[in-house]
Amino acid sequence: MCVLRGCVPKKLLVYSSKFPHEFDESGGFGWKFETEPKHDWSTLMANKNAELQPLTGIYKNILNNAGVPLIEGRGKLWTHTRLMWMESYIQQGTYSLQLGACSFIPEIPESEHAIDSDAALDLPSKPTKIGIVGGGYIALEFSGIFNGLNSDVHVFIRQKKVLRGFDEDVRDFVAEQMSQRGIEFHTEELPQAIHKSADGSLSLKANKGTVESFSHIMFTTGWRPNTKNLGLEWVGVKMSKNGAIEVDEFSQTSVPSIWAVEM
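The shown structure was predicted, so the numbers you read here are calculated from the model rather than taken from an experiment.

1. Notes on the nonpolar core
Okay, step 1: Residues Trp41, Ile132, Phe142 and Phe146 are the most contacted members of the largest nonpolar core, which totals 26 residues.
Okay, step 2: Of all the elements in the fold, those that place two or more residues in this core are helix 2 (41-65), strand 6 (129-133), helix 4 (137-148) and strand 7 (152-156).
Okay, step 3: The dominant element in this core, judged by the number of residues it contributes, is helix 4, at six residues.
Okay, step 4: When neighbours within four sequence positions are excluded, Phe146 is seen to be in contact with Trp41, Ala120, Leu123, Pro127, Ile130, Ile132, Ser151 and Val153.

Okay, here's the thing in structure tokens:
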């Protein structure tokens with residue numbers, strides 16, 4: 001769910017990334033440091049995970065106290081009223097699907113070396129130099145996080161400006177301020193391939209050239225409905241070309257016993 005996979009862990013990383021700027025500003029208010037503050041990524045990840053663990057239990061208890069059985073594992077629809085889970089079958093009269101979405105990484109050469117926003121929240125080590133593909137708010141959030149944690153950040157966008165659809169003054173101001181913080185923007189760049197070198201470093205080839213020596217390359221290029229391999233086509237649920245489930249005004253699918261709710 002969003003709280004565990006996005007909102008809370010990302011906010012914790014945002015909080016952590018703000019401290020270097022506060023350290024820089026503190027000198028004008030009389031603070032002095034005998035040594036330069038250092039950040040320990042493993043401590044941040046461990047404490048982030050410790051913060052999330054109780055939340056998992058809280059949500060499980062909410063379901064349990066409401067008398068809702070929780071079945072953990074992967075299932076798929078076998079018929080319009082039967083769900084196959086592991087090697088067992090669960091019979092129900094109706095189903096409500098709340099499947100969410102999964103991140104989309106373009107199929108370019110060696111794209112398997114790229115990470116998405118989920119992986120970025122749980123990396124084993126902090127990026128030294130990261131290329132972030134995308135110009136939306138998720139891309140900029142992570143750019144600010146890693147920049148604040150002293151990573152070398154490069155942002156690749158297809159457009160001339162970030163935050164398409166936002167107010168023009170906001171778009172200009174955000175890009176200006178982030179550039180002043182040291183984030184490098186590569187505008188009107190379309191990624192074409194990733195290459196992993198023998199030393200483990202990554203390079204990103206785009207239409208204007210290649211940038212090398214990345215420790216991580218991250219794509220924030222949109223989402224796709226999380227509907228694959230669930231048996232939806234098998235039971236006759238109609239879907240759009242991108243895999244989204246088609247519903248009526250009451251959220252009912254083409255199969256009368258199956259509803260789908262957008263998360």
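2. Details of the side chain of Ser26
Okay, step 1: Relative to the helices and strands, Ser26 is located in helix 1 (residues 2-26).
Okay, step 2: The exposure class of Ser26 is buried, given its relative accessible area of 11%.
Okay, step 3: A polar contact of 2.7 Å, which involves the side chain of Ser26, links it to the backbone oxygen of Phe23.
Okay, step 4: In contact with Ser26, not counting residues within four places along its chain, are Trp31 and Phe33.

3. Examining the sheet that holds strand 12 (residues 216-219)
Okay, step 1: As summarised here, the arrangement of the four strands in space is 8-7-6-12, forming an open sheet in which the pairing is parallel. A strand with exactly one partner marks an edge of an open sheet, and here the two such strands are strand 8 (184-186) and strand 12. The average undirected angle you get between the axes of adjacent strands in this sheet is 20°.
Okay, step 2: As defined by bridge partners, strand 7 adjoins strand 8 across three bridges and the pair is classed as parallel.

About the cut-offs
- Residues numbered from 1 in each chain as written.
- Predicted model: local features only at pLDDT ≥ 70, side-chain atom pairs only at ≥ 80, totals over all residues.
- Heavy atoms only, no water.
- Core = buried A, V, L, I, M, F, W, Y, C linked by side-chain atoms within 4.5 Å.
- Buried < 20%, exposed > 50% of the residue type's maximum accessible area, 1.4 Å probe, protein only.
- Helix = DSSP H or I, 4+ residues; strand = E, 2+ residues; numbered from the N terminus.
- Contact = heavy atoms within 4.5 Å.
- Polar contact = N/O pair within 3.5 Å; in protein donor to acceptor, adjacent residues only side chain to side chain.
- Pairing = 2+ DSSP bridges.
- Axes fitted to C-alpha atoms, helices over the stretch in contact; angles between N-to-C directions.

Bear in mind that shape data such as this cannot, by itself, settle questions of function.
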